[in-house]
Amino acid sequence: FHFYYRDLFEALCAAGCETVFFSPLADRRLPEQISGLYLGGGYPEVHAEALAANEEMLAAIRGHAAAGKPLYAECGGLLYLSRGIEAGGHFYPFLGILPARARMLPRKRALGYCEIALTADSLWGRSGEVFRGHEFHYSELIDDPAADPAWRTVYALRRRRSETVEAEGFQNGAILASYTHLVYAAQPEAIGHFTKRLGGTP
């Protein structure tokens, strides 16, 4: 979960946030007194067995989500939030918060820039606001999280050089998961919106 941009942390710091890092592999509990979780991109499939075996951390993150605290999961974080992934002929169970399974593919599933229009209020902004981002992943969801009535899509995703709009960005309360890596420099107000959610403001 090391796929982040430095300007994200600089913007969070400027907004008054303290960023506390932890390891879903090595740590057994979350840092104390955190207000929200940001599970970024990366390659959880490489460490799938160890991630699935760290039951204390899985339980801690499930408890965070159950408490209604903000939780954002992006790309690799989305995989970790899912019921688990199929990789190398094995299925590795993960958090099970996002009601879907994922599978690794032999070729890239998506690579390129995209535009996101919010179709509902989310952790990062209000309905109608537009973001830039990009996708890069070798996995796909087997199930549709939005088939669960507790979840809905809040992104209208349009890829570069395409007029096709895809429903993405899966949200349930204060939980949001997406394959898209958002670029906050194009929407600096998003950081302020996110930090308000950390403070409990809708």
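Note that the coordinates shown come from a computational prediction; the quantities given were computed from them, not determined experimentally. (Residues numbered from 1 in each chain as written. Predicted model: local features only at pLDDT ≥ 70, side-chain atom pairs only at ≥ 80, totals over all residues. Heavy atoms only, no water.)

Engineer: What is the right way to read the sheet that holds strand β5 (residues 101-104) from this model?
Structural biologist: Sheet strands pair by backbone hydrogen bonding; their relative direction is either parallel or antiparallel. The strand order across the open sheet formed by four strands is β4-β3-β5-β8, and the pairing between neighbours is mixed. What marks the edges here is a single partner per strand, and that holds for β4 (90-93) and β8 (139-141). With direction set aside, neighbouring strand axes in the sheet form an average angle of 25°. By the bridge criterion, three bridges tie strand β3 (residues 84-87) to β5 in an arrangement that is parallel. In the strand pairing of β5, Glu86 is matched with Arg103. (Pairing = 2+ DSSP bridges. Helix = DSSP H or I, 4+ residues; strand = E, 2+ residues; numbered from the N terminus. Axes fitted to C-alpha atoms, helices over the stretch in contact; angles between N-to-C directions.)

Engineer: What is the right way to look at the pattern of salt bridges in this model?
Structural biologist: Should the charged atoms of two oppositely charged side chains come close, the side chains can pair. Applying the stated criterion across every chain yields a total of seven salt bridges. A salt bridge links Glu140 to Arg103; the nearest nitrogen and oxygen atoms lie 2.7 Å apart. Of this pair, Glu140 sits in strand β8 while Arg103 sits in strand β5, and the two are 37 residues apart along the sequence. Residue class for Arg103 comes out partly exposed when judged on its relative accessible area of 32%. Across the salt bridge formed by Asp121 and Arg126, the nearest N and O atoms sit 3.2 Å from each other. A network of salt bridges, in which partner residues are shared, links Glu115, Arg132 and Arg158. (Salt bridge = Lys/Arg side-chain N within 4 Å of Asp/Glu carboxyl O. Buried < 20%, exposed > 50% of the residue type's maximum accessible area, 1.4 Å probe, protein only.)

Engineer: Explain the pairing of β4 to me, please; I cannot follow it from the model alone.
Structural biologist: By the bridge criterion, four bridges tie β3 to β4 in an arrangement that is antiparallel. Note on β4: the bridge partner recorded for Ile85 is Tyr92. What sits between β3 and β4 in their antiparallel hairpin is a turn of two residues, with Gly88 showing a positive phi close to 60°.

Engineer: Is there a simple way to think about the side chain of His193 in this case?
Structural biologist: Locating His193 in the fold gives a position in helix α5 (residues 189-198). Those residues within four positions of His193 in sequence are excluded, and the remaining contacts are Ser122, Leu123, Trp124, Gly125 and Arg126. (Contact = heavy atoms within 4.5 Å.)

Engineer: Even after reading the chapter, I still don't get the packing of aromatic side chains, so can you show me in this structure?
Structural biologist: Aromatic ring pairs: the centre-centre distance and the angle between the two ring planes describe each pair. Under the definition given, this model contains eleven aromatic pairs. Where Phe1 meets Tyr80, the ring centres are 5.2 Å apart and the plane angle is 45°; that geometry is what we call tilted. In this pair, Phe1 is assigned in the segment before α1 (6-14) and Tyr80 in helix α4 (residues 76-81), connecting sequence segments 79 residues apart. Each residue in the set Tyr4, Phe9, Phe21, Tyr38, Tyr72, Trp124, Tyr184 and Phe194 is aromatic and connected to the rest through ring pairs, giving one cluster. (Phe/Tyr/Trp six-rings, centres within 6.5 Å; stacked < 30°, edge-to-face > 60°.)

Engineer: Got a minute to help me understand the nonpolar core in this structure?
Structural biologist: As a rule of thumb, nonpolar side chains are buried together in soluble globular proteins. Ile61, Leu71, Tyr80, Leu81 and Ile97 are the most contacted members of the largest nonpolar core, which has 33 residues in total. Those elements that provide at least two residues to this core are β1 (37-39), α2 (48-53), α3 (55-66), β2 (71-74), α4, β3 and β11 (175-178). Each residue touching Leu81, except ones within four places of it in the same chain, is listed here: Leu71, Ala73, Leu95, Gly96, Ile97, Leu98, Ile175 and Ala177. Within the second largest apolar cluster, 21 residues are counted, among which are Leu12, Cys114, Ile116 and Phe194. (Core = buried A, V, L, I, M, F, W, Y, C linked by side-chain atoms within 4.5 Å.)

Engineer: Would you explain the side chain of Glu74 in this entry?
Structural biologist: Positionally, Glu74 belongs in strand β2. For the buried residue Glu74, which engages in no salt bridge, the nearest side chain bearing the opposite charge is Arg159, 14 Å off. Here Tyr72 takes part through its side chain, which lies 2.6 Å from a polar atom of the side chain of Glu74. Apart from residues lying up to four places away in sequence, Glu74 is in contact with Tyr38, Leu39, Gly40, Gly41, Ser178, Thr180, His181, Leu182 and Tyr184. (Lys, Arg positive; Asp, Glu negative; His and termini not counted. Polar contact = N/O pair within 3.5 Å; in protein donor to acceptor, adjacent residues only side chain to side chain.)

Engineer: How should I be thinking about unusual backbone geometry in this particular structure?
Structural biologist: Peptide bonds are mostly trans, and most non-glycine residues show a negative phi. Positive phi is not limited to glycine here, since Gln33 has a value of about 60°. Here Gln33 is to be found in the loop between α1 and β1. Look at Cys75: it is not a glycine, yet its phi comes out positive at around 60°. Here Cys75 is to be found in the loop between β2 and α4. Exposure remark for Cys75: the relative accessible area of 5% places this residue in the buried category.

Engineer: Any chance you could explain the layout of surface pockets here in plain terms?
Structural biologist: In this approach, a probe sized like a water molecule rolls over the atoms, and the result shows the empty space that is left. Roughly 800 Å³ of internal volume is contained in the largest pocket. As for the largest pocket, its lining consists of 32 residues, and the residues nearest its centre are Thr19, Val20, Phe21, Phe22 and Tyr38. Listed by contribution, the elements that provide at least two residues to the lining of the largest pocket are α1, β1 and α5. Of the residues assigned to the lining of the largest pocket, the class counts are 21 nonpolar, nine polar and two charged. (1 Å grid on protein atoms, 1.4 Å probe; cavity = no way out; pocket = protein on both sides within 12 Å on 5 of 7 lines; lining within 4 Å. Points joined across faces, edges and corners; volume = space filled by probe spheres on them. Nonpolar A, V, L, I, M, F, W, Y, C, P; charged D, E, K, R; others polar.)

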